Structure formats: structure tokens, C-alpha cells
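As a plain string of letters, each chain reads:
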Amino acid sequence: MNIKNIIKLSVLCFAFGNLSAQNPWPQTTETAKPWTRWWWMGSAVDEKGLDKQLTTLSKSGFGGVEIVPVYGAKGFEKQYINYLSPEWMKMLRFTTDKAKSLNMGVDMAVGTGWPIGGPQVDEENAATKMVVQTYEIQPNEKFSEKIVLKDEKQKNLKTIKLDIVTAYNEKNEAVVLTDKINADGTLNWKPTFGKWTIYAIFVGKTFQKVKRAAPGGEGYTLDHFSPTATKDYLKTFDKAFGNSNYGIRSFFNDSYEVYNADWTPDFLIEFKKRRGYDLSPYIKYLVSDEESETAGRIKSDYRETLSDLVLNRFAQDFTNWANSKNSKNTNQAHGSPGNLLDLYAAVDIPESETFGSTPFDVVGLKRDTADIQKADIPDINMLKFASSAANVTGKKLISNETFTWLTEHFKTSWSQAKPEVEQVFLSGINHVFYHGTTYTPADVKFPGWLFYASTNFVPENSLWSHLEGLNSYVARTQSVLQSGKSDNELLVYWPVYDQWASPKGKDMAFKIHNIEKWLQPTEFHKNLDRLGKSGYSLDMVSDKMIGEAKLDNQNIQVSKEGGSYKVLIVPQLSYFSESTLKNILNLAQNGASVIFQSEPKDVKGFFESEKRRNELQSLWKSIPFQQNGNLKTAAFGKGKIILSSDVENGLEYLKIEREKLTDIGLKFVRRQFNGGKYYYIVNHTSKDINQNIPLNYIGKQVVLMNPENGNFGIAETQNNSVKVQLKSGESLIIKTTETPDNSISKWKYIEKAEAPIVLNQPWQLTFKEGGPELPKSRTLTKLQPWTNFTEDASTQSFSGTGVYTSTFNVKKNKADDYLLKFDKLYESATVIVNGKEVGIVWSNPFEINVGKFLEKGKNTIQIEVSNLMANRIRYMDQNKIEWRNYHEINFVNINYKPFDASNWKVQPSGLDGEIQLIPIHYSK
């Protein structure tokens, strides 16, 4: 066989390491295993069902669950249990006790559905908004209209109040009239000249209620900006939990999806305290459509104040409360009208979210455009907001809501999940939560209860028996990514004031669903993209973090537990804080290296802008730049400051080394531990890699570790490079250490592959389990999917496991191993050779080593193939068999239309093409 074919061989064909050696893998704890969001529909749970499902989840490799009660199934109302009721708390206690016995953990949401809210949220603490009314006073006209709330729904509120009344003449001169309004709404003021427009701001409510709420959890959403709302809300949990945390590891809050909430009753007071001036004379610039520089500056201050309030009054209060229960808290900051980095950093476990499907170049990876979200493509840099906050501040765990709407319902294979979760890991995240699993009572028929927006990680899924393959991969990978701490060398400042300065709109929510507006067009994002592809490792940093940073041996460190960074990069920006620039110069004075992509153009905000602009310019002029080739450099105290439009030029000048392995398309994330480093490396290219790759750190020993099967061995190294063989779609962990372990065997590289043996003999096809009925057994003269047999209707509707069985002969051969290679596999399989289970084939490139299971002469092979749920669901919809019957949203497709699979095409199921047995030889 030629070298091209050798390269195509998988990392899976590497031999097992010496099992008597010390295992280099970190311990796989419950936290290292994947967790799953666990929807309790209607909270209609019982001990028998909880016991059964937790046990099933544990056997499949899950380390924990995250309880989120939601709306219920129709016809089961008598089984509903009200959220936080004594009976509900009894079920929670049973759950945590059972989980503990299985070495599993339990988290739970502080509310049902989302966003946070419920019956304990009264009118005063409900999400609040400005209600704006305008009035005109013509010249020489007596103004007789009363300034009272006109909105009928808002008028019925007990908490309604008039907060600001300001009049503007045609010259934009303002007169604040708030104290000129009588109790009945009459205006005690008369202009002396000209035409005037009055802006009246009332404190109103959004009336938004919890979405997808469970029984006992219905009610208004919370005012995240209020000084009392979060604390009052959590008192209900104090009452239910008493002095116990009921075994809850972490209390969870879902993404901020509060709409039109842009005010709070004491906002004016907080604004003046934090921004230094009264907003009342400038309210026109906030609420009108005027797009002027003044409007942008006022809105920047307004948005920064909202950010302060959601940070101080929600995120920090939530953390303090959870910690008082001896638990942690988890929060999804995205979507919030605040600085995401600071919000993520304010909690114990920051959590990001992937929504939709990413295109990858992996050979053979299935991605049907008809079955994916068109609008949402996950962005690794969006994920890095959460990991950056954790890395900078030293948090051990960074979680992710993973696989939300990965594909259309019932059409997701585990092979499609693998590269998506790999991208999550590459962003620095190390604790994934599948989205997700629905509790189903034992007596509910197929497909059980299902949530409308998930990838269905449920025992009723016909692929369930092979989920252990994905879960084991995730567990091994996370065991490494949770070890030590991140090893990123660059800090990149997020110019949030450039976003906040936009004169459009009022509040600004940084959502994952509109990154094409606020993130991707920016120079900041372009820098993240370029630097990552060039092989640099980075985290983002906020103004607040820079203010807290100190120097540690000329490296920048925000927290003793956090990362230590060689360079701070300030990307091209328009608006900057003079305080942040002062803090950066202090860092440089003490030894930091800083790269500015451009000179800051102006100060942020409105108050005393001219004075602060002069201060900014004075600080900038204090940097003694000298032209140095195509960039400017300055020695500043013990540090260095670089001005370069090309950031990479600046990094080269500072002699910051990049990891050159990205030049061939490999992706990586790096961790450091005492005495060494881990590299997690992924090949998402369409190429196969068979070469030495350079690493910045080699150490005294390099061990290769395969996260898919656990194999390990000592690598070949040469001149600070490591030999790897990675096929398209594969990954590898490289452990470099200063402490060699001589008991570990050498990693066995493929040196030669002989001509493949094609298993083209007859096959028996039988059916093991599934439904709606088992198709009849048959003999195949050639391999083909069972869905090819259209004359048998049961093959078109069957979802489950079909078993392909055959025999073949192996002649005496000096091969070191044999690789079983699948041409087309729909969707995953367990391979059994001579009655012994070899393993699960579930991901690209669909290969597995079978050499040690083969015998000279006759061999029997069984391939247990499981297909998607899609064909059975199609059959049920065609025959109008009711299976989706829920309250609230019921069940929708990926485009949020009523779900109907009756017109779906039959999904191919089983084996197709050739199966090859390839004799391979390892290098000596």
C-alpha cells in the first residue's frame, strides 16, 4: 500500500499503551463526565421513575443532571407537582440521594422555564421599563393637557410613578419639570416663548412572564436592576430549603431573555451616583430617535449603568446567596445588557451556549442544510467570553449548554455531535451540559416525553446504546481540560464602549443570536480570529479586570488563581476610558508589555468629556514612542508599549512565540500543570496529518493520549516537534512533562498498511430491538442498508438495531494489527468479533482496531447497527399516532413551525458500500 493510504489510517489504529504502566490520564470524576439538562415536564415525577432514569443515565456515562422544570404533558395533570412544594422538595431529596449513591451530581434551576421569575415576583419586583409620552406646547398656547399615564394596562399598576418630565425648546434647551407636576397631572409651568416638546417618563412594567413555566413557577420575570428584587425572589428558596441545600451542587440561571426591561425605580439616583450627572435634562437623547454624538454618549452612560446594576444587584447577589447555601451558582450571562466578561466572572461557574450547527471540513461528516438552523452558526469567539472570564479570574469550571438545536429532531447522530463539542473544548470550556434529557414516566410509550428544542439524549433514542462512545470521549477530554489551569499568553481588551456608544436604540443586549451585529463586524473579533488561526492562545479582558490586574514576574495577572499573561492587546477602537488607559500605563510602568493597534480616538461617555479627553490625550502623549521599522515602540518604566496596526508584527517584536501547528490547519487548546503541559489537538480539516508538528513546549517526555479509546504511549520527538498521525475528524491529547515515566511503552505509529481484505461475502441481517415492529431477517449477497428493501414496509419505519453477521477467513499474516474500516455507516455500531465485543464505532472516520480479537482461519463478525429515530417518527405521523401532546409550545420543528414528519424522506439505515479489513504494521 502506498504512503497516501497509510496516511489515511486512523489514530484509532494505534496500539494500546502498556496497561501495567502508570496511567497518564487524570482521574475521571463525576465533574469530568458530561452532564445533561434534565427537564421535569410538569414536575410529574415519582421515585420509581427518578430511580430508573438516573440509573440509566449513570450507566451511559453521565456525571450529573441539571433539573429544569417546564410545562407538562396533557392528560397527566393529576401527576403534576407544584414547584418548591413539600412534595416537590421530597422528590428533589430523593433525586440527590439517589444521584449520590451513583456518584452523580445534581444542579437545579432557580426557577422554572426561563427567564428567572415566578409567583413570588410581585408587581414592585417585576421587570421594569420606561413608558415614554410626549406633549407639544405651541407658541402662545396654554397647555391644559394633564401629564398622566395613558396606557390602560399600565394605569392599573399600583407602583406606577412619574419619574422624569423635561421640556425642550427648538434650540434644544432643556427645563426639568419633574417637580412642576401636580398630583392630578397638571403642569405648573408656562413657557415664556417658542415651541416646546415635553418628554414624560413613567416607571412601568414589561408584563413579561416566565416562558415555558412549570406548575407553581408561573409569574412575572424579575427586575434584574432592582436593589431588592433578586434578594426577595430568593427568599422563597430559603423557605423551601431551610438550612439545607438538599445536596444541590450548583444553582443554575438560564440566559437573560428579558425583553424591553430598560429601567428600574431608582435608576435616576444610581445613574447620578455612578456617572456623575443628572440624566433628567438629557432624557430626550435617550428615548428619541436622534442619532447624534450627544445621544451616543448619553446612551453609553445609560448602558454602562444598566451593566453595573445587573452585575451588582443580580449576578453578585445570586452568587452570595448560593454560597450561603454551601453551593455554587451557574449563570448564562449572554443576552444581558451588560459587560459579559464581568457578568460571567461574577459567578462560580460561567456558562455559555451553543445554538445551531457549525460547518466543518471533516471528510464524511453529515450536515444536511434542510435539517439545520439557518440563522445561527456557533462562533468560537462568542464561547470565549465565558472561558476568558473564568481563566482570567481563576475559576476551575466553565460550562456550556451544548447541542441546542444541533439538527432537526430525531436526525442527530453522535458523529455530528463530536466536532461540535470539540469546538466547545477548543474555546476553553471544560464542563458540558447536553441539551438535553426529558424525564419520562415508566409507562409512557415511545418516544416518551420530549422537549421541543433539544437534541434528544433520552433512553428512548434508538442510538442510546452507542451514547457511551461520545460520553467516554467527553469524559476523557474533560478530565484533561479540568486539570491544572489555562495556559494562554495573550489578553485582548474588549472595547465595549464602542458598542455602548451607538446612538441607536436604548438598552443593548449582547445575545448569541445577533453576533453578526455587535461582535463579528468589529476589529476586535477580526483580531481574535486572526490570532487564533495564527496559533496564539488568548483570553479577553474587561476594563474592570484591567483595573484589578497586577504584575507577576512581568506577566499580567488579574487573580492569583487565574492565568498569567505575557501581553495585553488593545485592538483598534474609537471610545476608551481614560481610567483604563491610566491603569494600563501603570501596568507597563511595572513591567507589562502592551500592544495598541491604534491610538484611542476619544473618551467614552458624556460627563466632563472635554476634561477627560484632555486627560486621555495627555496620558497618550506621555508614551515616548519611537519609529521602529513598520511599528512604533516605547520603553515605559520596566515595560514596553507597541503601536502597530498589525498586531502580529507587534507580537513578533516582543518575541511572543505562536504555536506553528495551526499552519497545517490543526486547532488546539493548551493547559499547564505542575511540571508540564497538555495540548488538546483536533483535526477539523479535510486532510490527514502524518508528520512532525512543532510545539513550543516539549519537556523531557511527550506522551500521546487518544481521548476516543484511552490509548497512550511515548511519542517520537525531534527538534521540538512531535510526530502525530491524525485523520480528518480525529483528535489527540499531547502530554509534555518534565518528569519522565519509563514504564510507559512507546506509541506505535503505522509504518505500512497492506492491501485491504474486502469483506464481500454474504451477510445475515437480523433485527435485535426497536420498533414499531422488527423487520424480517434476510440474507444479503452484498452489504446494503435495510431501508433499501422498500418492498418490506417495516424496513421503512423501523428505528432500532439491526445486526449484520458474517464469517471470513484470515490467513497467517505478520501484520501487527488489523483495522476494520467502514465505507458508509448509518449511524453507529457495536462490533463483535468471535463473540467478544471490540467496541463502538460512532464517529468519523468510522474505523476500529480488531487485530487482537481475530483468530487464524475462520472468524465470525457481528455488527450491531443503530439508526436514527426519524423513520419511526415519520411512520407515527403518517399514521396519525399521537405522541406530542403538551401544554404551552407543544412541539415544534427546527424552524419553530408545528412539527410534522409525515413528509420526510426515509433516512438510510444500516451498512452500505464496502467493509475493509486492513493489515497494518507499526514502526519498530
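In this text, all values refer to a predicted model and were calculated from it rather than measured experimentally. (Residues numbered from 1 in each chain as written. Predicted model: local features only at pLDDT ≥ 70, side-chain atom pairs only at ≥ 80, totals over all residues. Heavy atoms only, no water.)

Ranked by internal contacts, the top residues of the largest apolar core, which has 209 residues, are Phe 241 and Phe 385. Counting residues per element, this core draws most heavily on helix α8 (residues 293–324), which supplies 12 residues. Counting 33 residues, the second largest nonpolar core, distinct from the first, contains Leu 765, Val 810, Tyr 818 and Val 838. (Core = buried A, V, L, I, M, F, W, Y, C linked by side-chain atoms within 4.5 Å. Buried < 20%, exposed > 50% of the residue type's maximum accessible area, 1.4 Å probe, protein only. Helix = DSSP H or I, 4+ residues; strand = E, 2+ residues; numbered from the N terminus.)

Quick look at helix α18 (residues 609–621) now. The terminal C-alpha atoms of α18, which comprises 13 residues, lie 18 Å apart, in line with the 18 Å expected from a rise of 1.5 Å per residue. Listed as buried for α18 are Ser 609, Arg 612, Arg 613, Leu 616, Leu 619 and Trp 620. End-on view of α18: buried residues confined to an arc of 125°, all on one side of the axis. Exposed positions of α18 whose direction lies more than 90 degrees from the buried face are Lys 611 and Lys 621. (Expected span 1.5 Å × (residues − 1). Arc of directions from axis to C-beta.)

What follows concerns the sheet that holds strand β25 (residues 631–636). Taken in spatial order, the 7 strands of this open sheet run β17-β16-β20-β22-β26-β25-β24, and their pairing is mixed. Only two strands of the sheet have a single partner each, and these edge strands are β17 (538–541) and β24 (626–628). When strand polarity is set aside, the average angle formed by the axes of neighbouring strands in this sheet is 25°. Here helix α10 (residues 380–393) sits on the sheet in contact with β16 (490–493) and β17, set at roughly 80° to β17. (Pairing = 2+ DSSP bridges. Axes fitted to C-alpha atoms, helices over the stretch in contact; angles between N-to-C directions. Contact = heavy atoms within 4.5 Å.)

Turning to unusual backbone geometry, a few remarks are in order. Cis geometry is found at the peptide bond from His 435 to Gly 436, where omega equals -5°. Residue position: Gly 436 is located in strand β14 (residues 431–438). The phi angle at Leu 84 is positive, at roughly 70°, despite the residue not being glycine. Tracing the sequence through the fold places Leu 84 in the loop between β2 (64–70) and α3 (86–101). In the Ramachandran plot, Gln 554 falls in the positive-phi region, its phi being about 70° despite a non-glycine side chain. Position of Gln 554 relative to the elements: it lies in the loop between β18 (550–552) and β19 (555–557). Gln 554 sits in the partly exposed class, given a relative accessible area of 48%.

Time to look at the pattern of salt bridges. One pass over the full model with this rule turns up 46 salt bridges. Close ionic contact of Asp 163 with Lys 161 constitutes a salt bridge, the shortest N to O distance being 3.3 Å. A salt bridge links Asp 602 to Arg 297; its shortest N-O distance comes to 2.5 Å. Residue Asp 602 is located in strand β23 (residues 602–603), and its partner Arg 297 is located in helix α8; the two are separated by 305 residues in the primary sequence. When salt bridges with common partners are traced through the structure, they connect Asp 266, Glu 270, Lys 273, Arg 274, Arg 275, Glu 304, Asp 308, Arg 313 and Lys 604 into a single cluster. (Salt bridge = Lys/Arg side-chain N within 4 Å of Asp/Glu carboxyl O.)

Moving on: the packing of helix α17 (residues 578–589) against α18. Running from N to C, α17 and α18 cross one another at 20°; their axes reach a closest spacing of 9 Å. By the angle class used here, α17 and α18 are roughly parallel. Both α17 and α18 take part in a crossing whose hand is left-handed. From α17, Glu 578, Leu 581, Lys 582 and Leu 585 reach across to α18, where they touch Arg 612, Glu 615, Leu 616, Leu 619 and Trp 620. Of the residues in the contact of α17 with α18, the class split is 5 nonpolar, no polar and 4 charged. (Parallel < 35°, antiparallel > 145°, perpendicular 65-115°, else oblique. Left-handed = near helix turned anticlockwise from the far one by under 90°. Nonpolar A, V, L, I, M, F, W, Y, C, P; charged D, E, K, R; others polar.)

Let us look at the packing of aromatic side chains. What the rule picks out here adds up to 62 aromatic pairs. For the ring pair Trp 40 and Trp 88, a centre distance of 5.5 Å and an interplane angle of 55° mean the geometry is tilted. Note that Trp 40 is positioned in strand β1 (residues 35–41) and Trp 88 in helix α3, a separation of 48 residues in sequence. Judged by its relative accessible area of 0%, Trp 40 falls in the buried class. Of the residues examined, Trp 88 reaches a relative accessible area of 0% and is grouped as buried. Stacked on the ring of Phe 207, the Lys or Arg Lys 153 has its end atom at 4.4 Å from the ring centre. Here Lys 677 stacks its cationic end above the ring of Tyr 697, 5.5 Å away from the centre of that ring. (Phe/Tyr/Trp six-rings, centres within 6.5 Å; stacked < 30°, edge-to-face > 60°. Lys NZ or Arg CZ within 6 Å of the ring centre and 35° of its normal.)

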